[in-house]
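Summary of structural features
The chain contents come next:
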Amino acid sequence: MQNFSDGVAVITGGGSGLGKAFSLAAASRGMKIVIADVQLDTLDKAVSELRERGTEVIGVRTDVSKSADVQALADAAMDAFGKVNLLFNNAGVTASGLVWENTERDWEWLLGVNLYGVIHGLRIFTPLMLQAAKADPNYQGHIVNTASMAGLLAGVGSGIYSVSKHAVFGLSEALYQDLNLLTEQISCSVLCPSYVPTAIGNSERNRPEALAATGPLTPAQLVAKQISQESIITGSVTAEQVAQLTFDAIERQCFYVYTHPETLLAVRNRFDNIVAQKNPPLSFEGNAKRSSRRTRLMEVLRAQP
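I will try to describe carefully the structure that is included in this document. In this text the structure is predicted, and so the values were computed from the model without any measurement.

**Topic: the overall build of the chain**
Counting secondary structure elements, the chain contains 10 helices and seven strands. A globule of 305 residues ought to have a C-alpha radius of gyration of about 19 Å, and the chain, at 19 Å, matches this closely. Principal-axis analysis of the C-alpha atoms places the extent of the chain at approximately 65 × 45 × 30 Å. For the chain, with 305 residues in total, the buried portion stands at 48%. Across the chain, every contact between residues at least 6 apart in sequence was considered, and the portion connecting residues at least 24 apart equals 73%. Counting 26 positive and 29 negative side-chain charges, the chain places the centres of these two groups 5 Å from one another.

**A look at the pattern of salt bridges**
Counted according to the given criterion, the structure contains five salt bridges. Salt-bridge contacts for K20 lead to E49; the nearest nitrogen and oxygen are separated by 2.9 Å. Residue K20 is found in helix 1 (residues 17-28), and its partner E49 is found in helix 2 (residues 40-52); the two are separated by 29 residues along the sequence. The exposure class of E49 is partly exposed, given its relative accessible area of 24%. Where R296 meets E230, a salt bridge forms, and the shortest distance between an N and an O atom there is 3.0 Å. On the criterion of sequence distance, the pair formed by R296 in helix 10 (residues 288-302) and E230 in helix 7 (residues 219-233) is long-range, its members being 66 residues apart. With relative accessibility at 27%, the residue R296 sits in the partly exposed group. Taking the relative accessible area as the measure of exposure, E230 reaches 35% and is therefore partly exposed. Salt bridges linked by common partners bring D106, E204 and R207 together as one network.

**Observations regarding the environment of A154**
Note on placement: A154 falls in the loop between strand 5 (141-146) and helix 6 (159-182). When neighbours within four sequence positions are excluded, A154 is seen to be in contact with S162 and H166.

Definitions and cut-offs
- Residues numbered from 1 in each chain as written.
- Predicted model: local features only at pLDDT ≥ 70, side-chain atom pairs only at ≥ 80, totals over all residues.
- Heavy atoms only, no water.
- Helix = DSSP H or I, 4+ residues; strand = E, 2+ residues; numbered from the N terminus.
- Rg over C-alpha atoms; globule rule 2.2 N^0.38 Å.
- Buried < 20%, exposed > 50% of the residue type's maximum accessible area, 1.4 Å probe, protein only.
- Contact = heavy atoms within 4.5 Å.
- Lys, Arg positive; Asp, Glu negative; His and termini not counted.
- Charge placed at Lys NZ, Arg CZ, Asp CG, Glu CD.
- Salt bridge = Lys/Arg side-chain N within 4 Å of Asp/Glu carboxyl O.

Put into structure tokens, the structure is as follows:
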């Protein structure tokens, strides 16, 4: 996709973080914007900022884990602008801890947003985009699914998040293959950032009451959350830089989008072990800074009675 001007971009999780950066980047390229977010105050603020810049934009409060909400988002986008050219399935939340410590509610909440949010987006929006491509030979479309480097690495103390992002990564590759059967007018990418300074470390602020945590965090969950938040806050790549890298990839029709290429060394090590049928390498083994996560967790666990 190379012609952005007068196109329409739909961004879930668009009120803050990466989503807001995508919204601003799309607006700077002359696109009309549909922002979806579950947090109403950040949604309204993002819409106001874009309107002050002269952008045509609407905001739709959306819980992406709910199919009906995503359908309402699609209906609103079509009613307002008549088409969708660029879809960012971006909304996400995070949780930490040892895999057996996460409750059923934890899994329902996190998979509902991180995985089913993408599933609903693809199921509802892709047919609309295919119809547009069939009706107009000049139509261009692109879908970006936000996964994570956690979709390529099974990090210690973050299994629940890693599971969701592995699923998004695999789903995105399947989408690429399936789109290729039908059209060259619509492409897709999977975005795999590492730590970026956003508010995702405070995901609990938007956790629905029906799926609220039923008890206090375990020691491992507490330290894993602390480590994750520290890493997010000190992330060296900004949301704006991620947006620029992503739009560059969209223009070049690149499927894999990596914002922290140095992490690919760990990915290669992991897959070399898979192919060689060796046991998985310990989390970020050989990287003193990143392997400290494992060390801190071990210290906490061994201190337990």
